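Residues per chain, in single letters:
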Amino acid sequence: FLFRGLVASPLAAMATKPKNERKGSFFFPRSKSKSNAAAAGETAPLVPKAKPIESTETIHYDLCFVFINPEHEDHKNFKGCDTGAGDETINGCDYKHFISKLLHVGLKVHTYLSIQGDEVYVQVGAPLERFKAQAALLDYKVKMDPKELEKATALHFEKVLKDDPSDTIDGKGPHLAAFDGRFGTYDYIFCKYEDEDEKQPLYAKGDGLSHPFHSTHRIKLLVTMIQGETFRGGADINIGACMAAKEECEDTENPSGGFGMLEQFPLHDPAVVNDLYKKWVVKWQWPWDQPVEQLRMYLGEKAGLYFGFLVHYTAWLMGIAVFGLIVQIDTYLEYSIQASTVPYFAVFVCVWAVLMLEDWKNKEATYALKWGMSDFESTEQDRPEFNGNLQWSPVDGEKMTFFPDSERQKAMNKSYSIIFCMLLLVLASIGGVFAIKIALDQNATLESIVPSITQAVVIQVLNAIYRTMAVGMTDSENHQTDTQYEDNLVAKLYMFTFVNSYSALYFIAFIEGWTSLGCEKGSCLNYLAYSMMVLFITNLVVGNATEILVPLLAQRAKAAKESEGTGEKQKMSVAELQYTLETYDPTESTIEDFTTISIELGYVVLFAVAFPVAPFMAAVSEYVQIRTDGWKLCRAYKRCEPIGAQDIGIWASIFQLTTYASVISNAGIVMFTGTWFPYKLSTRIWMFILFQYVLVALMTGLDASIPDTPEDVEMQVERTAFFEKFIVEGAEPDGDKVDFDEYAHQHKKPHEVTYENRTHESQYHDSLDGSVFSD
């Protein structure tokens, strides 16, 4: 069918390719046949078995774009859309214009019709030489081969010693001294790519490849070739703008974006994704045994850092969960939520949170080193959505896109005003919930249930509304890089999320007991625990249900729609099958996932004394999340675009602020809401202040005493700079020195040194005035 469609279509000419060009293929979960594995194309270096070295002429079509077919009867009214086409204005802009721009910058395409003929599939790849040229242009970082790097370094120091044979220490010439750490001298070194032939042996090769460009590297470089400006080797096509135009399309029945684009996604690698699935989605596995390194290689560093933090957080939760269960049991034994062990648990939680975050900083720095991301933010490319004036850089004279900070600050000030109004709306919603409680005062059952459920629903609704507003505000600020954009978006989201998620709990803990109605459940502490349980369970059930059911049902509905009207059941191409899967955006999805973790962390540490079992519930929730995410990304979602990242960004600061806020929160609940210390108010205030100062001092001391970056990581990063300068760039050794023999005419032995009785008479004065100082 596919062959007939190609021959019958005017697209057939584009589909003719050399025999060595291969397309990507889809995964078959239960198939173990060798034929499927052989047809899979190149696998990223995850599969244990080595493969024969493939030809350098092989072209992999790693990216897929789906467009409407303007020649199909369903799309006769399509007039074209040039959104995302850069500075060009193209009349009747469709997929052919898209392909033309790609071919112009040296890319290869494979084009064919869908099973219904109403869509055009364009799979994109590039020759090896094009990847080399792009990587060299962008100073793209790739991993170095340790053995080859060691050989080149030895030759470098031989040259240094040859220039100055006397330059030795204990009879040994210059060399890289041994350092006591976790890494070998030449391990995890990532340097910029140079395309000279003599430099090629220095770069680590992918499994079955004669070059370093495995599928993740290829996808990243293909995106830069499509989205980058022309002076950065790109076709200047804004894929994000193309997809965004789809939502604003006037044709609501068959909406499409720029060039008539419907979707874009990298193709799954069957061998890799199935191997990853087997190691990730298992019945039982300790959190610290998750295949983080492998999923990073397949999904990219941004997704890898999220999952790295998820398993780290889950592992640390398991320790505190045990203590929390013991305290919760103690509350049952003492028949009171104000058990004697609860204040100690509050202290333990605050210290636990600091140690957990400090350990993460060390682990994050190690991930950045192992993944070649230690200086990612300093070399990050501009966002395609970044608008500015093209000019010469005042720093290095290179071409750059400039946008004045003053204009961005105006947009940010406007955003702050909108955020303030939204926060007032949240406070108003709390007042509304309290009004409901007053209205139900005569019905004890409804009064205890309805307000809590209402608050949980209001939180979810307001979060959804505000998220769309936050994206619009951040878009208007025109941030230059993805990291800057994401940090500013997250900051807006979390300010609102914090108030929206916790304001009702703070109201119960510190205010409601002083109102005329007082608190339900016998005391404010009991009511706080009950409300937390409702919110916690609501988030757990709603979150997991939507993450599993929504993509599953959406995939089935989309698959049915794609094959609709084709008569008897016909097979779809690999790309068509993957098109039916849900889309995983590594930026938006990680923001949502980190937001969920941040809210949960707040429940665990901010109100630890009210709900000691929260860490246990959180540990169970996150363990399930690990398995759910594994299933989603390996079975229910398209392969996500691999995006680089140096760290988790502003989330680290958010988690740290939450930790310090927990000191004030728990101290206030212990001293004022509970009755652990039945002293007069003034005494409790002083105890509250003392508790805060002592605990904050302890937490700050721990924070300062544990370095954020391990010493062996810092050493390896510094070595990288050396390797890049002298081995990759080939800089000559610094031969500058002082030749003391030039001053032989004035050399004297100690016994030959003499002095004069006095200096020259012009140097004598009566005082400092007139000699050194003068008016």
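Residues numbered from 1 in each chain as written. Predicted model: local features only at pLDDT ≥ 70, side-chain atom pairs only at ≥ 80, totals over all residues. Heavy atoms only, no water.

Enquirer: Mind laying out the overall build of the chain, listing which residues take part and the relevant values?
Expert: Scanning the chain for helices and strands turns up 22 helices and 10 strands. Here the chain, with 775 residues, has 49% of them falling under the buried criterion. Summarising the internal contacts of the chain: among those between residues at least 6 apart in sequence, 77% fall at separations of at least 24. With an accessible surface of roughly 38,500 Å², the chain has 58% of that area assigned to carbon and sulfur atoms. (Helix = DSSP H or I, 4+ residues; strand = E, 2+ residues; numbered from the N terminus. Buried < 20%, exposed > 50% of the residue type's maximum accessible area, 1.4 Å probe, protein only. Contact = heavy atoms within 4.5 Å. Areas by Shrake-Rupley, 256 points an atom, 1.4 Å probe, with all protein chains shown as cover.)

Enquirer: Outline empty space enclosed by the protein, supporting the account with residue identities and numerical values.
Expert: Throughout the structure, instances matching the rule amount to 5 cavities of 30 Å³ or more. In this model, the largest cavity occupies a volume close to 200 Å³. Lining of the largest cavity is provided by 16 residues; of these, Val433, Gln455, Ala504, Ile508 and Tyr527 occupy positions nearest its centre. Going through the elements one at a time, α13 (405-439), α14 (444-476), α15 (482-510) and α16 (524-562) are the ones with two or more residues in the lining of the largest cavity. (1 Å grid on protein atoms, 1.4 Å probe; cavity = no way out; pocket = protein on both sides within 12 Å on 5 of 7 lines; lining within 4 Å. Points joined across faces, edges and corners; volume = space filled by probe spheres on them.)

Enquirer: Mind laying out the sheet that holds strand β8 (residues 261-266), listing which residues take part and the relevant values?
Expert: Taken together, the 4 strands give an open sheet; going across it, the order is β4-β5-β3-β8, and neighbouring strands pair in antiparallel fashion. Looking at the sheet topology across the chains shown, the edges are occupied by β4 (108-113) and β8. Direction aside, neighbouring strands of the sheet carry axes that sit 20° apart on average. Summarising the sheet, strand β3 (residues 63-68) and β8 pair through 5 bridges and their orientation is antiparallel. Residue valine 66 lies in a different strand from β8, and its bridge partner there is glutamate 263. Where helix α7 (residues 215-227) meets the sheet, it contacts β3, β5 (119-125) and β8, and its direction lies at approximately 45° from that of β3. (Pairing = 2+ DSSP bridges. Axes fitted to C-alpha atoms, helices over the stretch in contact; angles between N-to-C directions.)

Enquirer: Before we move on, can you summarise the nonpolar core with the specific residues and values?
Expert: In terms of nonpolar packing, the biggest core is built from 111 residues, with Phe307, Tyr313 and Trp352 touching the most fellow members. With 14 residues, the single largest contributor to this core is helix α12 (residues 342-370). Ignoring anything within four residues of it in the chain, the contact list for phenylalanine 307 reads Trp280, Val292, Leu295, Leu299, Tyr584, Asp629 and Leu633. Core analysis: the second largest hydrophobic core is formed by 52 residues, Phe131, Met144, Tyr186 and Phe259 among them. (Core = buried A, V, L, I, M, F, W, Y, C linked by side-chain atoms within 4.5 Å.)

Enquirer: Describe in detail α15, supporting the description with residues and values.
Expert: For α15, with 29 residues, the first-to-last C-alpha span of 40 Å sits near the 42 Å given by 1.5 Å per residue. Of all the bends in α15, the greatest, near 45°, is centred on tyrosine 502. (Expected span 1.5 Å × (residues − 1). Bend = angle between axes of the 7 residues up to and from the residue.)

Enquirer: Residue-level account of unusual backbone geometry, with values.
Expert: Backbone geometry places aspartate 139, a non-glycine residue, at a positive phi of 55°. For phenylalanine 259, which is not glycine, the phi dihedral falls at a positive 65°. Residue position: phenylalanine 259 is located in the loop between α8 (239-247) and β8.

Enquirer: Let's hear about the pattern of salt bridges: which residues, and what values?
Expert: Under the counting rule described, the total for this entry stands at 27 salt bridges. One salt bridge connects arginine 232 with aspartate 382, and the closest N-O pair in it is separated by 3.8 Å. Of this pair, arginine 232 sits in the loop between α7 and α8 while aspartate 382 sits in the loop between α12 and β9 (389-392), and the two are 150 residues apart along the sequence. Across the pair, aspartate 382 and arginine 232 agree in class, each one buried. A single salt-bridge network, built from bridges that share partners, covers Glu358, Lys361, Asp703 and Asp708. (Salt bridge = Lys/Arg side-chain N within 4 Å of Asp/Glu carboxyl O.)

Enquirer: Please give an account of the side chain of serine 415 that cites residues and values.
Expert: Topologically, serine 415 is positioned in helix α13. The class for serine 415 is buried, based on a relative accessible area of 1%. Filtering out sequence-adjacent residues up to four positions away, serine 415 remains in contact with Met473, Glu477 and Lys492.

Enquirer: So, a nonpolar patch on the surface: which residues are in play, and what are the values?
Expert: A grouping of Ile449, Ile453, Val457, Val461 and Ile465 is seen on the molecular surface, where their side chains present a nonpolar patch of about 400 Å² in accessible area. For valine 461, the location among the structural elements is in helix α14. On the accessibility criterion, valine 461 (43% relative accessible area) is partly exposed. (Patch = residues over 30% accessible without salt bridge, like charges linked within 9 Å, V, L, I, M, F, W, Y side chains within 5 Å.)

Enquirer: Tell me about a negative patch on the surface, and name the residues and values.
Expert: Together, Glu73, Asp74, Glu250, Asp251 and Glu253 line one region of the surface with negative charge. Tracing the chain through its elements places glutamate 73 in the loop between β3 and α4 (95-104). Judged by its relative accessible area of 59%, glutamate 73 is exposed. (Lys, Arg positive; Asp, Glu negative; His and termini not counted. Charge placed at Lys NZ, Arg CZ, Asp CG, Glu CD.)

Enquirer: Give a description of the packing of helix α11 (residues 301-333) against helix α19 (residues 614-636) that names residues and reports values.
Expert: For the pair α11 and α19, the least separation of the axes is 7 Å and the interaxial angle reads 155°. Between α11 and α19, the angle falls in the class roughly antiparallel. For the element pair α11 and α19, the recorded crossing hand is left-handed. Listed contacts from α19 to Tyr306, Phe307, Leu310, Val311, Tyr313, Thr314, Leu317, Met318, Ile320, Ala321 and Leu325 of α11 are Pro615, Phe616, Ala618, Ala619, Glu622, Tyr623, Gln625, Ile626, Asp629 and Leu633. Grouping the amino acids of the contact of α11 with α19 by side-chain chemistry returns 17 nonpolar, 2 polar and 2 charged. (Parallel < 35°, antiparallel > 145°, perpendicular 65-115°, else oblique. Left-handed = near helix turned anticlockwise from the far one by under 90°. Nonpolar A, V, L, I, M, F, W, Y, C, P; charged D, E, K, R; others polar.)

Enquirer: So, the environment of leucine 276: which residues are in play, and what are the values?
Expert: Mapped onto the elements of the fold, leucine 276 is located in helix α9 (residues 270-280). Separated by 357 residues in the primary sequence, leucine 276 and leucine 633 place their C-alpha atoms 10.0 Å from one another. Excluding residues that lie within four positions of it along the chain, leucine 276 makes contacts with Pro291, Gln294, Leu295, Tyr298 and Cys634.

Enquirer: How would you summarise the pairing of β9 if you had to cite specific residues and measurements?
Expert: With 4 bridges connecting them, β9 and strand β10 (residues 399-402) associate as antiparallel partners. Looking at the pairing, tryptophan 392 lines up with lysine 399 of β10. Counting the residues between successive antiparallel strands, the hairpin from β9 to β10 contains 6 residues, one of them, glycine 397, with a positive phi of roughly 75°.

Enquirer: Can you explain the packing of aromatic side chains? Please cite residues and give values.
Expert: Evaluated as defined, the whole model comprises 43 aromatic pairs. Aromatic pair phenylalanine 67 and phenylalanine 98: ring centres 4.9 Å apart, planes at 55°, arrangement tilted. Note that phenylalanine 67 is positioned in strand β3 and phenylalanine 98 in helix α4, a separation of 31 residues in sequence. Phenylalanine 98 matches phenylalanine 67 in its accessibility class, with the two residues each being buried. On the basis of an interplanar angle of 75° and a centroid distance of 4.8 Å, the ring pair of phenylalanine 323 and phenylalanine 348 is categorised as edge-to-face. Of the two residues, phenylalanine 323 sits in helix α11 while phenylalanine 348 sits in helix α12, which places them 25 residues apart along the sequence. Lying over the aromatic face of tyrosine 485, arginine 383 brings its terminal NZ or CZ to 4.1 Å of the ring centre. (Phe/Tyr/Trp six-rings, centres within 6.5 Å; stacked < 30°, edge-to-face > 60°. Lys NZ or Arg CZ within 6 Å of the ring centre and 35° of its normal.)

Enquirer: Explain the confidence of the model for the chain to me, and be specific about the residues and the numbers.
Expert: Residue-level pLDDT values for the chain average 84, and 90% of them are 70 or greater. Scored below 50 in pLDDT, residues 1-48 makes 104 contacts in the model with residues more than four places away or belonging to other chains. (pLDDT = per-residue confidence, 0-100.)

Enquirer: Give a detailed account of the pairing of β5, specifying residues and quantitative values.
Expert: When you tally the buried positions in β5, you get 7 out of 7 residues, the bulk of the element. Residues Glu119, Tyr121, Gln123 and Gly125 of β5 are buried on one face, and the alternating residues Val120, Val122 and Val124, pointing to the opposite face, are buried as well. As judged from the 6 bridges shared by β3 and β5, these two strands associate in the antiparallel manner. Each bridged residue has a counterpart across the sheet, and for phenylalanine 65 the counterpart in β5 is valine 122. The hairpin formed by β4 and β5 contains 5 residues between the paired strands, and glycine 117 there has a positive phi angle of roughly 80°.

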